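Chain by chain, the residues:
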Amino acid sequence: KLLTICARLVEFYRTCPYYCRLSMRVFTVNLEVLPEFEWLQERRETAMQVYGSAIEQGQREGELRPGDPIMLAGMVAAMVTAHHLMDPVLTGQSAGIDLDQLLEMIGNAIGG
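Residues numbered from 1 in each chain as written. Predicted model: local features only at pLDDT ≥ 70, side-chain atom pairs only at ≥ 80, totals over all residues. Heavy atoms only, no water.

1. Quick look at the confidence of the model for the chain
When pLDDT is averaged along the chain, the result is 86; 89% of the residues meet or exceed 70. Mean pLDDT values over the elements of the chain span from 71, in helix H2 (residues 17–27), up to 95, in helix H6 (residues 99–110). (pLDDT = per-residue confidence, 0-100. Helix = DSSP H or I, 4+ residues; strand = E, 2+ residues; numbered from the N terminus.)

2. As for the pattern of salt bridges
Any two side chains of opposite charge can pair, so long as their charged atoms come close to each other. With the rule as written, the count across this model stands at two salt bridges. Residues glutamate 11 and arginine 8 are paired through a salt bridge, measuring 3.3 Å at the closest nitrogen-oxygen approach. Here the residue glutamate 11 and the residue arginine 8 both occupy positions in helix H1 (residues 2–15), the gap between them amounting to three residues, near one helical turn. Its relative accessible area of 34% is what places glutamate 11 among the partly exposed residues. In this structure, aspartate 87 and arginine 14 form a salt bridge, with 2.8 Å as the shortest nitrogen-oxygen distance. In this pair, aspartate 87 sits in the loop between helix H4 (69–83) and helix H5 (88–91) while arginine 14 sits in helix H1, placing the two residues 73 residues apart along the sequence. (Salt bridge = Lys/Arg side-chain N within 4 Å of Asp/Glu carboxyl O. Buried < 20%, exposed > 50% of the residue type's maximum accessible area, 1.4 Å probe, protein only.)

3. Some details on the nonpolar core
The biggest cluster of nonpolar side chains holds 20 residues, and the ones touching the most others in it are Leu2, Cys6, Tyr51, Ile55 and Val76. Those residues in contact with tyrosine 51 that lie beyond four places of it in its chain are Leu2, Ile5, Cys6, Leu9, Ala73, Val76, Ala77 and Val80. (Core = buried A, V, L, I, M, F, W, Y, C linked by side-chain atoms within 4.5 Å. Contact = heavy atoms within 4.5 Å.)

4. Overview of the side chain of histidine 84
With respect to the element layout, histidine 84 can be found in the loop between H4 and H5. Other than its neighbours up to four places away in sequence, histidine 84 contacts Tyr13, Cys20, Ser23, Met24, Leu90 and Thr91.

5. Focus: the environment of glycine 112
Note that glycine 112 resides in the segment after H6. For glycine 112, a relative accessible area of 82% gives the class exposed. Residues glycine 112 and glycine 58 lie 54 residues apart in sequence; the distance between their C-alpha atoms is 8.7 Å. With near-sequence residues (within four places) excluded, glycine 112 lies in contact with Glu63, Leu64 and Arg65.

6. Things to note about H1
The terminal C-alpha atoms of H1, which comprises 14 residues, lie 20 Å apart, in line with the 20 Å expected from a rise of 1.5 Å per residue. Buried residues of H1: Leu2, Cys6, Ala7, Val10 and Tyr13, and no others. Relative to the axis of H1, the buried residues are bounded by an arc of 135 degrees and lie together on one face. In H1, the exposed residues that point more than 90 degrees away from the buried face are Arg8 and Thr15. (Expected span 1.5 Å × (residues − 1). Arc of directions from axis to C-beta.)

7. Observations concerning H4
Residues spaced three or four apart along an α-helix face the same direction, because each turn holds 3.6 residues. Under the 1.5 Å per step criterion, the end-to-end length of H4 is 21 Å for 15 residues, consistent within 8% with the ideal 21 Å. Burial in H4 covers these residues: Pro69, Leu72, Ala73, Val76, Ala77, Val80, Thr81 and His83.

8. Focus on the packing of aromatic side chains
Enumeration over the complete set of coordinates arrives at one aromatic pair. Ring plane angle 55 degrees and centroid distance 5.7 Å describe the contact between phenylalanine 12 and tyrosine 13, whose orientation is recorded as tilted. Take tyrosine 13: its relative accessible area is 6%, and that puts it in the buried class. (Phe/Tyr/Trp six-rings, centres within 6.5 Å; stacked < 30°, edge-to-face > 60°.)

Here it is as structure tokens:
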């Protein structure tokens, strides 16, 4: 479930590259200093809950490592965000990390 969420998010960013760039800029700074982007903070919190819920389910099923689901969600979100800079589709570069490689890395990082 978690990897499906990550894949869908990458696919969304590929279809909305301007939102992708905005999210990279805003999600990597303290939003308290950017009150005009308060709505993005709400979206970030919602995303952490979605990731966290999927992680909790994976933990219950013995597929994901133990640990605080929200902390693990933050790590997964950081990996997906970092991928924007390495996604061959978004960057137009032949070198990079494709979606399958990203999903494998996430699975290896938090798999049980």
